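Below, each chain spelled out in residue letters.
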Amino acid sequence: MRTYFGENYDVIIIGAGHAGVEAALACARLGKKTMMLTLNLDGIALMACNPSIGGTAKGHLVREIDALGGEMGIAADETFLQIKMLNSSKGPAVHSLRAQIDKRRYHEYMKSVLEHTKNLSIKQDEAIRIISENGKVTGVQTACGAILGAKAVILATGVYLKSRVIIGEFAQEAGPSGLMGAYGLSASLLENGFTLQRFKTGTPARVDARSLDFSKMEPQYGDKKIVPFSFMHEKIEREQIPCWLTYTNEKTHEIIRNNIDRSPLYSGVIHGTGPRYCPSIEDKVVKFPDKERHQLFIEPEGAGTLEMYVQGMSSSLPEEVQIQLYRTVPGMENVRFMRTAYAIEYDCIDPTQLRSSFESKHIAGLFMAGQINGSSGYEEAAAQGLLAGINAVQYLRGEEPVILGRDMAYIGVLADDLVTKGTREPYRMMTSRAEYRLILRQDNADERLTEIGHRIGLVSDERYSRYMKKQEEIAKEIERLSKTNVKATPAFNEYLKSIGESAISESVSMAELLRRPAIGIEELEHFTEASPYSDEVKEAAQIAIKYEGYIKKQQQQVERFRELENKRLRDDIDYMAISGLRIEARQKLSQMKPENLGQASRISGVSPSDIAVLMIYLKSGK
Ligand SMILES: Cc1cc2nc3c(=O)[nH]c(=O)nc-3n(C[C@H](O)[C@H](O)[C@H](O)COP(=O)(O)OP(=O)(O)OC[C@H]3O[C@@H](n4cnc5c(N)ncnc54)[C@H](O)[C@@H]3O)c2cc1C
């Protein structure tokens, strides 16, 4: 293949999925000459699986992306069909937004934002080789023969590397949704010394809405009072579209059991490791045999299409079997498929080969983000893309990378889990992964991250002043709640009695009353002056008062955590020479080269006594 020298760029992004989009926008908005390559322009920001953004813990990631100056939150607000605050009856740590998204409109919105972004070029072409010299990345070679020069490269290739689509006995080298895959880059990554893994994921069928009987399903509606994803949006009024709830049954499960030998998952045709928390229907029936039925949500793919997504029914069984088992579900007796369910296998890297900045440990200037790092999910990908984009720019500026700690953001938990512990299956974010989740709430993502976004130049002055104004108002509202009393009127005591709370005999401050779990600010406003501030500000003030004790306790835990995190470990420490360390720890530390003592303590095989030895070693100043 004859090649030619094309243009030089500051940064080249390989991939226009959820990771690539955030990375490209960050680099171009921070003034870098940026090129984004993708296999298909019509697949930009493709939602290859579920037509939704957010959900438990994923909603936190979207809010954090927004607070840092990313695009996903704004795009979701512009294109949602339905939105809901999940877990609103539980504590604020698990409140999480989830929106049904119009996939086509999301793609069009993001493509338009990219096309109108200064410093950013977009091209449909396949990257087939990463070019590096003396341990530094210098460019990319494309399938059309171009050698493109770059000082930094971000790989965000998702589920496309050596991808293979499998439906029963049928298997084909292809990407998702009928798009082509990428078959050159895996070899180049191996040549550049990377270890690859083979993962798998799956998606359900898309069915024709005209072939469904919704009278046999339960409608699921969005929230009346819409809480937007983006901190830039105060109020959104929109007519929402429902989803539908139905269930599998014993007949469904029987068909699966009778055909399990034809499942590529169980016949060994699929080699890749699948996501534990997004199992196929076959997996659910085999692994939970006592479960009489499994929930299915029928979700619209868009306002302008009759395609419906059958959440909970991903499968790679033969099409003939899929149709049989789908038709056992109430409301789908006459279902017609528009797209058959399938599994897809693809190459990804072992993310322990990366630093917390997502830069490769052995090729400077080469960053990786998204599904290629072993994660699964649009939100996880977008979060990594944003951080990799920011850090590619920090690298080009010769400045320290932006590292978000486990105490600062879910993005920090995501990054640390991937690069420190690695993953042997597609990694999905969950609130249980965040040990400091009470202070990493979705409502205070701006408080934790907007300053950082503004310092590096990604957060606009408009967003920053909006954030500062909100912080001022929260402080004033907390003060107002502490100074405003509720009188001990018969009406108020009657209300207290009605909710099982003890009466008051004299005036009590609203703040004092809010410390009672059953009492909320909305209710109190019936008995005293209303707040002059927005729901967002009121909610933040209420949380700060109600959870003050717990938050303080968690902040003390964070201080202890920070002690180890702040003890930096140099790259060139010879762990094999530190006699007090156990052999396993010496090997793991030499291989991983942790950035600080805290990270070292999270490497499996490194014990607390090894950390004690390292502390003495650091104190010795050797
Ligand atoms: C079948 C299927 C089922 C899924 N199921 C789930 C699920 O159940 N739950 C869940 O959370 N997530 C699921 N996902 C994952 C979700 O789609 C991804 O997590 C998300 O899209 C990853 O984003 P990304 O930016 O890393 O990569 P992608 O969105 O995959 O985008 C990759 C981009 O890279 C480009 N590209 C790749 N290689 C090259 C190359 N060599 N040269 C140029 N461009 C290249 C592609 O054109 C594309 O633009 C599923 C995905 C698929 C395909």
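Our structure is the block above this text.
Residues numbered from 1 in each chain as written. Predicted model: local features only at pLDDT ≥ 70, side-chain atom pairs only at ≥ 80, totals over all residues. Heavy atoms only, no water.

Q: Teacher, can you tell me more about the sheet that holds strand E3 (residues 52-54) here?
A: Strands in a sheet are paired, the pairing made by backbone hydrogen bonds, and the direction either parallel or antiparallel. Strand order in the open sheet formed by three strands is E3-E5-E4, with antiparallel pairing between adjacent strands. One side of each edge strand has no neighbouring strand; the edge strands of this open sheet are E3 and strand E4 (80-86). Taking each pair of neighbouring strands and ignoring which way they run, the sheet shows an average axis angle of 15°. Direction of pairing for E4 relative to strand E5 (residues 96-101): antiparallel, over a ladder of six bridges. For Gln 82, the partnering residue across the bridge sits in E5 and is Gln 100. (Pairing = 2+ DSSP bridges. Helix = DSSP H or I, 4+ residues; strand = E, 2+ residues; numbered from the N terminus. Axes fitted to C-alpha atoms, helices over the stretch in contact; angles between N-to-C directions.)

Q: Explain the sheet that holds strand E10 (residues 164-167) here, please?
A: The strand order across the open sheet formed by four strands is E11-E10-E19-E12, and the pairing between neighbours is antiparallel. Here the strands that pair on one side only, and so sit at the sheet edges, are strand E11 (170-173) and strand E12 (196-203). Averaged over all pairs of adjacent strands, the angle between their axes in this sheet comes to 20°, without regard to strand direction.

Q: Just to check I follow, could you spell out the pattern of salt bridges for this structure?
A: For side chains of opposite charge, pairing can occur when their charged atoms come near one another. Under the defined criterion, the tally for this structure stands at 55 salt bridges. The salt bridge involving Arg 602 is made with Asp 416; its shortest N-O contact spans 2.5 Å. One end of the pair, Arg 602, is in the loop between helix H20 (597-601) and helix H21 (608-619); the other, Asp 416, is in helix H11 (residues 410-421), with 186 residues separating them in the sequence. Comparing Arg 602 with Asp 416 shows no difference in burial state: the two are buried. For Arg 516, the salt bridge identified is with Glu 501, shortest N-O distance 3.2 Å. Residue Arg 516 is located in the loop between helix H15 (510-514) and helix H16 (521-524), and its partner Glu 501 is located in the loop between helix H14 (490-498) and strand E22 (508-509); the two are separated by 15 residues in the primary sequence. Glu 501 carries the same exposure label as Arg 516, and that label is buried. (Salt bridge = Lys/Arg side-chain N within 4 Å of Asp/Glu carboxyl O. Buried < 20%, exposed > 50% of the residue type's maximum accessible area, 1.4 Å probe, protein only.)

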